[in-house]
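Letter by letter, the chains look like this.
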Amino acid sequence: MLYQIYETQRSLMEPFADFAQAASKLYSNPLSPLGQTGLSQRVSAAYDLLYRLGKDYEKPTFGIQSVAVDGVEVAIHERIEMDKPFCELRRFKRFSDDAATLNKLKGQPVVLIVAPLSGHYATLLRDTVRTMLGGHKVYITDWKNARMVPLDDGEFHLDDYVNYVQEFIRYLQGLYGNVHVISVCQPTVPVLAAVSLMASRGEKTPRTMTMMGGPIDASRSPTAVNNLAMNKSYQWFENNVIYRVPGNFPGSGRRVYPGFLQHTGFVAMNPDRHLNSHYDYFLDLVKGDNSSADSHRKFYDEYNAVLDMDADYYLETIQTVFQEFKLVRGTWEVKNPKGQLELVRPQDIRHTALLTIEGELDDISGSGQTEAAHGLCANIPNHRSHHLEVQGAGHYGIFSGRRWREVVYPCVREFILENNSDGAGKARKPSVQAPLRKTRAKKTTARKSAARKSAGRSRACPLPCGGEWVAWQPVSWTCCRKRSASAAGIQIAPVMPKPLPAAWPTSTNVRQAVLRAWPDWPRCSIVTPNH
């Protein structure tokens with residue numbers, strides 16, 4: 001019923017939004033008499049803001065027309081390579097009439113970017129795709145809005161997601177010999193399952209897996225998003241957030257988790273930030289700052305465009321990833337296309353290199369959640385297992401924006417090249433020191449975990465003070481990952497100015513907790529050997 005009410009409200013608001021858009025143009029046009037009044041700029045800005053608050057946001061386009069490859073502009077043709085009921089595999093084919101550039105393009109690695117199916121469209125990774133196109137052949141999973149999929153196409157489960165990923169990997173392996181896989185946020189879990197199953201069957205696995213900001217082990221440093229999924233029961237989600245698609249869509253009658261509910265949850269996480277952003281947008285329009293206003297439009301055109309997820313897929317993800325932690329507990333069984341159950345065993349992966357990436361300030365996937373993949377993939381050789389924590393980056397900063405382009409992408413590029421042995425291009429040694437080492441990325445495997453507990457591993461001061469390492473003093477408390485101090489080997493220096501709490505808050509990471517507990521303590525350091 002809620003979905004029908006929402007659609008009715010949207011339909012009623014649509015003509016008013018169109019009127020607001022027309023009125024905004026009328027008051028901003030210098031040739032209009034209304035545009036000559038003293039308050040015309042403010043009135044136009046107010047109508048424009050009203051229009052953007054009331055309009056319906058449709059699926060954006062990638063809109064990548066060209067990219068630069070070593071200074072040469074290369075044309076991009078976007079096309080659908082495979083069309084599945086719930087997903088399209090899109091290819092961004094590059095064209096050039098420069099013989100040297102064309103020869104270079106043919107030898108570059110093939111990358112499959114697995115986009116998240118968690119409320120937004122794959123176009124959220126537009127910056128990721130555009131940057132990768134400068135040195136790779138790029139494909140991406142473009143998940144469909146479930147309300148546009150007819151009931152005749154069947155249901156969509158988490159198992160189907162895993163099977164789709166395997167099918168796409170095999171398809172690209174058939175074309176190029178092999179492929180590199182990048183997963184961003186939610187798909188890190190099904191991608192790891194897909195590669196694990198392929199390894200267990202003895203199939204060829206991708207050369208590399210790059211996992212960025214995903215909930216491999218959601219029990220580590222749980223965030224507000226994790227806590228909601230963990231604190232509510234499966235039945236609560238089924239009874240309160242699942243609705244049927246109204247009759248004015250092709251998927252009429254399909255059970256879905258509506259995109260507008262997901263969007264409401266996104267906004268509710270940081271309401272003040274969004275309120276200030278819209279107020280700043282109004283002021284930018286009044287001042288005539290078109291550059292800032294355009295940046296606001298581009299961001300919210302993407303952010304406000306949401307899709308529905310099939311109910312079975314959504315509920316199974318909640319249960320498997322956030323409630324029962326089946327992947328890390330070794331109890332996850334996936335049904336293959338033949339209807340047979342197969343146990344997911346990441347320890348069977350031996351020939352695929354692994355890079356995990358986390359943002360220091362990520363408030364969606366907490367610290368250590370993605371890094372947990374190294375402990376599960378115990379048989380990946382040490383020299384092919386890397387972890388990178390991006391200082392000062394939030395969740396979106398690890399795959400878009402300046403930090404993605406200047407810090408993360410160079411690491412990903414070098415990692416792929418170092419592990420690109422045949423097929424699309426020969427393996428080559430990077431001519432400069434790998435950015436992975438420059439950014440102090442950590443190599444982690446299960447075999448090293450025992451040594452870390454006793455030896456310890458230093459991190460930079462968690463406070464923004466540039467503090468140096470000083471003498472240690474062990475303390476006793478419960479860490480944010482629910483391990484005792486003796487198990488985690490946690491030490492804090494120098495001497496505490498006041499006693500530590502008996503239990504550390506589980507919903508925040510160590511840095512935030514220290515800042516809150518000791519706001520006036522200017523120089524401290526934390527060593528977490530088992531984190």
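None of the values given here were measured: they were computed from a predicted structure.

Bringing unusual backbone geometry into the picture now. Its identity is not glycine, yet D70 carries a phi of approximately 50°, on the positive side. As for its placement among the helices and strands, D70 is situated in the loop between β1 (66-69) and β2 (72-83). With a phi close to 65°, C185 is a non-glycine residue in the positive phi region. With respect to the helices and strands, C185 occurs in the loop between β6 (180-184) and α6 (188-200).

Another point: the nonpolar core. Of all hydrophobic cores here, the largest spans 73 residues; its most connected members are L112, Y161, L192, I216, Y314 and W332. Excluding residues that lie within four positions of it along the chain, L112 makes contacts with L89, Y139, T141, F168, I169, L172, V179, H180, V181 and I182.

Our focus in this paragraph is the side chain of T205. Tracing the backbone shows T205 in the loop between α6 and β7 (208-212). Judged by its relative accessible area of 11%, T205 falls in the buried class. Sequence-distant contacts of T205, that is, excluding residues within four places in its chain, are made with Q173, N178, V195, M198, A199, H351 and T352.

Moving on: the packing of aromatic side chains. Centre-to-centre distance and the angle between the planes together describe a pair of aromatic rings. Within this structure, the stated rule accounts for 23 aromatic pairs. Ring centres of Y139 and Y176 lie 6.2 Å apart, and the angle between their planes is 65°; on these two criteria the pair is classed as edge-to-face. One end of the pair, Y139, is in strand β5 (residues 137-143); the other, Y176, is in helix α5 (residues 158-176), and 37 residues separate them in sequence. Take Y139: its relative accessible area is 0%, and that puts it in the buried class. Since its relative accessible area comes to 17%, Y176 is described here as buried. When the ring of Y164 is compared with that of F168, the centres are 6.1 Å apart and the planes differ by 65°; the resulting orientation is edge-to-face. Highlighted residues: Y164 and F168, both in helix α5, separated by 4 residues, approximately one helical turn. Grouped by ring-pair contacts, the aromatic residues F86, W143, F156, Y161, Y164, F168 and Y313 constitute a single cluster.

Attention shifts here to the sheet that holds strand β9 (residues 255-257). One key point about sheets: their strands pair by backbone hydrogen bonds, in either a parallel or an antiparallel sense. Spatially, β8-β9-β10 is the arrangement adopted by the 3 strands of the open sheet, whose pairing is antiparallel. Every other strand in the sheet has two partners, leaving β8 (243-244) and β10 (309-310) as the edge strands with one partner each. Looking at chain direction, β9 and β10 are connected through 2 bridges and run antiparallel. Bridged to V256 within β10 is D310.

The next subject is the pairing of β2. Of the pairings in the sheet, the one linking β1 to β2 comprises 4 bridges and is antiparallel in character. Across the sheet, S66 pairs through a bridge with A75, a residue of β2. Taken together, β1 and the strand that follows it, β2, pair antiparallel across an intervening segment of 2 residues, in which D70 is found at a positive phi of about 50°. Here β2 runs beside strand β3 (residues 87-95); their pairing, made up of 8 bridges, is antiparallel. Looking across to β3, one finds that I76 is bridged to R94. Between β2 and β3, which pair antiparallel and follow one another directly, the connecting turn spans 3 residues.

Rules behind the numbers
Residues numbered from 1 in each chain as written. Predicted model: local features only at pLDDT ≥ 70, side-chain atom pairs only at ≥ 80, totals over all residues. Heavy atoms only, no water. Helix = DSSP H or I, 4+ residues; strand = E, 2+ residues; numbered from the N terminus. Core = buried A, V, L, I, M, F, W, Y, C linked by side-chain atoms within 4.5 Å. Buried < 20%, exposed > 50% of the residue type's maximum accessible area, 1.4 Å probe, protein only. Contact = heavy atoms within 4.5 Å. Phe/Tyr/Trp six-rings, centres within 6.5 Å; stacked < 30°, edge-to-face > 60°. Pairing = 2+ DSSP bridges.

Any link to function would need more than the numbers given here.
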